[in-house]
Amino acid sequence: MPKHIRASALTALTVAALAAGTVLTAPAAGAAPKAAAPKFLSASQLPPHPASAWTAGPVTEGFPEGLGSCVSTEGVPSYDYRHREFRTDLDANAVQLTVVADTTALAKALAKHYDDLIRTCADRIEKNDPDVEAEGRDYGTLPVEEGARVRGLHTETSWGATDISLLSVGRDGRTVTVVRWGQMGDFDDAPVGAFKKTTTTAVDKLY
């Protein structure tokens, strides 16, 4: 499988992350008062599954393991993370993360940081595990609030396991949300149109 994300992209991310670090970790002068907690997707707002209904878990404090290896808390401040996980009776699963930053500038930098991590995820997976081939795809931006971007990630192991994920990052003011959908399969199995609708709903629904 061709590698669509080269090492140069990873180097560019490192440089950008170092530059953004001064923004991400800069102390906020007079932090804004705490706003109402952002709202989360409901099970019915996930891409429809052809054979099983979605079930939504409770909204939970903390950073979710369900985001996989693409997105992490490394290199960013210790925010108050909240998330909700979703599942079907079969192999599909999903998760939504929300983060409220102190300022819109910090939120903008955080959204870019998360999108950069997703953009370079395939390259990092292949670098860290020679038994896995990975490919990322860019499905473009969405005109919702301060914007959102949707990407796809396909992985295949040397023993034949294949998985497809769709991930998006969106922002509404000081709040960033990340949504991930995943199941067994490849890009042909990805409900890109439905996931774009889910992402638009997720960002619109925050407030």
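Report follows, based on the coordinates. (Residues numbered from 1 in each chain as written. Predicted model: local features only at pLDDT ≥ 70, side-chain atom pairs only at ≥ 80, totals over all residues. Heavy atoms only, no water.)

**Observations concerning the pattern of salt bridges**
Under the criterion given, the structure shown has 9 salt bridges. For R137, the salt bridge identified is with E135, shortest N-O distance 3.4 Å. Judged by relative accessible area, which is 7%, E135 ranks as buried. A salt bridge links R149 to D138; the nearest nitrogen and oxygen atoms lie 2.7 Å apart. In this pair, R149 sits in strand β6 (residues 148-157) while D138 sits in strand β5 (residues 132-142), placing the two residues 11 residues apart along the sequence. Residue class for R149 comes out partly exposed when judged on its relative accessible area of 25%. (Salt bridge = Lys/Arg side-chain N within 4 Å of Asp/Glu carboxyl O. Buried < 20%, exposed > 50% of the residue type's maximum accessible area, 1.4 Å probe, protein only. Helix = DSSP H or I, 4+ residues; strand = E, 2+ residues; numbered from the N terminus.)

**Digging into the side chain of H154**
Position of H154 relative to the elements: it lies in strand β6. You can call H154 buried: its relative accessible area is 4%.

**Quick word on the packing of aromatic side chains**
Under the counting rule described, the total for this entry stands at 2 aromatic pairs. For the ring pair F63 and Y81, a centre distance of 5.1 Å and an interplane angle of 90 degrees mean the geometry is edge-to-face. Here F63 is found in the loop between β2 (60-61) and β3 (82-87), whereas its partner Y81 is found in the loop between β2 and β3, with 18 residues between them in sequence. A relative accessible area of 24% places F63 in the partly exposed class. Aromatic ring contacts, followed pair by pair, group F63, Y79 and Y81 into a single cluster. We note R137 situated over the ring of F187; from NZ or CZ to the ring centre the distance is 3.8 Å. (Phe/Tyr/Trp six-rings, centres within 6.5 Å; stacked < 30°, edge-to-face > 60°. Lys NZ or Arg CZ within 6 Å of the ring centre and 35° of its normal.)

**What about the nonpolar core?**
Y114 and L153 are the most contacted members of the largest nonpolar core, which totals 27 residues. Going through the elements one at a time, β4 (93-100), α2 (104-119), α3 (121-128), β5, β7 (162-172) and β8 (175-184) are the ones with two or more residues in this core. Sorting elements by how many residues they give to this core places α2 first, with 7 residues. Contacts of L153, omitting those with residues within four sequence positions, involve C70, C121, A122, I125, A134, E135, G136, D163, I164, S165, L167 and F187. Residues L142, L166, W181 and A202 belong to the second largest nonpolar core, which totals 22 residues. (Core = buried A, V, L, I, M, F, W, Y, C linked by side-chain atoms within 4.5 Å. Contact = heavy atoms within 4.5 Å.)

**Re the pairing of β3**
Sheet analysis places strand β1 (residues 55-56) next to β3, joined by 2 bridges and oriented antiparallel. In the sheet register, T55 faces β3, and the bridge partner there is R87. As defined by bridge partners, β2 adjoins β3 across 2 bridges and the pair is classed as antiparallel. For E61, the partnering residue across the bridge sits in β3 and is R82. The pairing of β3 with β4 spans 6 bridges and is antiparallel. In the strand pairing of β4, R87 is matched with N93. From the end of β3 to the start of β4, which pair antiparallel, there are 5 residues. (Pairing = 2+ DSSP bridges.)

**Focus: the state of the cysteines**
All told, the structure shown has 1 disulfide when counted by the stated rule. Covalent S-S linkage joins C70 and C121, the inter-sulfur distance amounting to 2.0 Å. Given an S-S torsion of about -90 degrees, the disulfide between C70 and C121 has left-handed geometry. With a gap of 51 residues between them, C70 in the loop between β2 and β3 and C121 in helix α3 connect regions that are remote in the sequence. In terms of burial, C70 and C121 fall into one category: buried. (Disulfide = S-S within 2.5 Å.)

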